Amino acid sequence: MDSTSGAAWYGQLAKPFFAPPASVFAPVWTVLYLIIAVSFGYVLLQTLKRRFPFSVLLPFILNLVFNLAYTPIQFGLKNNALASIDILLVLGTLAWALAAVWRRARWVALVNIPYLLWVAFATVLQLSITWLNR
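Residues numbered from 1 in each chain as written. Predicted model: local features only at pLDDT ≥ 70, side-chain atom pairs only at ≥ 80, totals over all residues. Heavy atoms only, no water.

The next thing to look at is the packing of aromatic side chains. Two numbers describe a pair of aromatic rings. These are the distance of the centres and the angle of the planes. Per the counting criterion, the structure on display carries eleven aromatic pairs. On the basis of an interplanar angle of 75 degrees and a centroid distance of 6.1 Å, the ring pair of Trp-29 and Tyr-115 is categorised as edge-to-face. Of this pair, Trp-29 sits in helix H2 (residues 25-48) while Tyr-115 sits in helix H6 (residues 113-132); the two residues are 86 residues apart in sequence, bridging distant segments of the chain. Aromatic side chains Tyr-42 and Phe-52 sit 6.1 Å apart centroid to centroid with 75 degrees between the ring planes, which places their arrangement in the edge-to-face category. Placement of the pair is Tyr-42 in helix H2 and Phe-52 in the loop between H2 and helix H3 (54-76), with a sequence separation of ten residues. Here the aromatic residues Phe-17, Phe-18, Phe-25, Trp-118 and Phe-121 are joined through ring pairs into a cluster of three or more. In this structure, Lys-15 is placed above the aromatic ring of Tyr-10, and the distance from its NZ or CZ to the ring centre is 4.7 Å. (Phe/Tyr/Trp six-rings, centres within 6.5 Å; stacked < 30°, edge-to-face > 60°. Helix = DSSP H or I, 4+ residues; strand = E, 2+ residues; numbered from the N terminus. Lys NZ or Arg CZ within 6 Å of the ring centre and 35° of its normal.)

Laid out in structure tokens, this is it:
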């Protein structure tokens, strides 16, 4: 994937008035990936120790898969429609994950609120970009 051409392509897309500058994304995702690593890692460890059932871990795994698929879809394939479907899956699996872990480790759900808020914003942004560039 050529990130330069993906970034140039994204820069040329019509965006809504609330789209943040490109420089915002890297720092936000750096913080979010730290939160994800610690909290999702905790859920994985608890599942491996058989303290959590696999049903708690499953939405976290799916969330990571969909999260990691977003960039290649959006910037590699340059496919807004597929990226919109993917970001909806990121949002849905994140909500599922936080609901699944709530009774066992509330701190995991609470620490992921910034991630949930950002993904909700990113979903509205992606759907808006997809609509504006149809």
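Let us now look at the environment of Leu-125. Checked against the element boundaries, Leu-125 lands in helix H6. Along the chain, Leu-125 and Ala-19 lie 106 residues apart, while their C-alpha atoms are 6.7 Å from each other. Leaving out residues up to four positions away in the same chain, Leu-125 has contacts with Tyr-10, Pro-16, Phe-18, Ala-19, Pro-20 and Phe-25. (Contact = heavy atoms within 4.5 Å.)

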